[in-house]
Amino acid sequence: MERSEMHQFLPYAWFRGECVPFETAKVSIATHALHYGTAAFGGMRAIPDPQKEDTILLFRADRHARRLSQSARLLLTDLSESTVTNALESIIRANRPLKPIYLRPFVYTSDLGIAPRLHNIETDFFIYCIELGDYLSPEGVTCRFSSWSRQEDSSLPLRGKISGAYITSSLAKTEAVLSGYDEALLLNSKGKVCEASGMNIFIVRDGNLITPGVDQDILEGITRASVIEIAKSMDIKVIERPLDKTELFISDEVFLTGTAAKITPIRQIESTKFSSKRPLMSLLREKLINITEGRDPNYEHWLTRIEL
Ligand SMILES: Cc1ncc(COP(=O)(O)O)c(C=O)c1O
């Protein structure tokens, strides 16, 4: 079996209510969630404050904790926002990261044995951390439309980051990479543009920012919501509406947003290349970087500062 390049895991994980060495945080092969995808996860970034030693900045921790808590509710289990934020803080203090990291909080059916269900079952919660620089090239990516479409909200609770849903993302991403592209774009079941394998999508047409609305089977991305809010504050018109595939090919700029991807331009979709001049995306990206690195006092409330 092929193995991808190993991540740099941080030494401590949050497991069964405490910080333990990463290597000792193990689950059984009979773990229910492993078989049925009955789990939900988060994905957050934390960076050492470039302005202040021994301080870690977490971007929109409250929103991430809320989404995970809501995802847990969709799996019929309880995980309070404060349980998530307290564990995040503990694990950051234990690891004292010196580089940008990605945190992966995970809630799952931890019971052993068979039968797909969400009732009468034990659940648990853990967090591990990896070092993470750029997930996609900041210079831009090439994309193709996937032959797989995004699931519908009627078949899966798409407002949560439910593990089982990521089979579609995995199929789409691999199909894209094996056919020579960097990323996949998925349509929804109605044939409208939805999102990429793990990012939301925006286009620019005539100076307006357009993105599929939250009723288009997208994940309600926290970066997406932040970009919309930033753009509106800069008097950029933001339109949330169904997006046709053809509109992508004739747009002035196309870019992806996500915690891992930050703001990543799309250079090319199938045989259509886009201009390397991306004035609106560049403006938004610069603003977002300043905010996440703690240099914009107007958005200080989006950051959690953890003093080590
Ligand atoms: C399917 C999917 N869409 C969009 C996103 C972007 O969401 P966020 O900005 O909250 O990271 C992600 C990543 O979490 C994702 O997995």
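Just so it is clear, the model here is predicted, and its values are computed rather than measured.

## Thoughts on helix α4 (residues 166–178)
- Taking 1.5 Å of rise per residue, the 13 residues of α4 would be expected to cover 18 Å, and the 18 Å separating its terminal C-alpha atoms lies within 8% of that figure.
- Every buried residue belonging to α4 is among Thr168, Ser169, Ala172, Glu175 and Ala176, and all of these are buried. The arc enclosing the buried residues of α4, seen along the axis, measures out at 135°, which places them on a common side. In α4, the exposed positions that point more than 90 degrees away from the buried face belong to Ile167 and Leu178.

## A word on unusual backbone geometry
- Phi angles above zero are rare outside glycine, and Arg60 is one such case at about 50°.
- Assignment of secondary structure puts Arg60 in the loop between β5 (55–59) and α2 (61–74).

## Thoughts on the packing of α2 against helix α3 (residues 81–95)
- The N-to-C vectors of α2 and α3 enclose an angle of 130°; their axes lie 8 Å apart at closest approach. The orientation of α2 relative to α3 falls into the category oblique. The crossing of α2 and α3 is right-handed. Across the interface between the two elements, Ala61, Asp62, Ala65, Arg66, Leu68 and Ser69 of α2 pack against Glu81, Val84 and Thr85 of α3.

## Concerning the nonpolar core
- Counting residues in each nonpolar core, the largest one holds 26 residues, and the members touching the most others are Leu58, Leu103, Phe125 and Ile127.
- Broken down by secondary-structure element, the contributors of at least two residues to this core are β4 (44–48), β5, α2, α3, β6 (101–109) and β7 (123–131).
- Counting residues per element, this core draws most heavily on α3, at five residues.
- The residues contacting Ile127, other than those within four sequence positions of it, are Ala13, Trp14, Ala87, Leu88, Ile91, Leu103, Arg104 and Pro105.
- Ile228, Ala231, Ile263 and Tyr299 belong to the second-largest nonpolar core, a separate cluster that totals 22 residues.

Cut-offs used in this document
Residues numbered from 1 in each chain as written. Predicted model: local features only at pLDDT ≥ 70, side-chain atom pairs only at ≥ 80, totals over all residues. Heavy atoms only, no water. Helix = DSSP H or I, 4+ residues; strand = E, 2+ residues; numbered from the N terminus. Expected span 1.5 Å × (residues − 1). Buried < 20%, exposed > 50% of the residue type's maximum accessible area, 1.4 Å probe, protein only. Arc of directions from axis to C-beta. Axes fitted to C-alpha atoms, helices over the stretch in contact; angles between N-to-C directions. Parallel < 35°, antiparallel > 145°, perpendicular 65-115°, else oblique. Left-handed = near helix turned anticlockwise from the far one by under 90°. Contact = heavy atoms within 4.5 Å. Core = buried A, V, L, I, M, F, W, Y, C linked by side-chain atoms within 4.5 Å.

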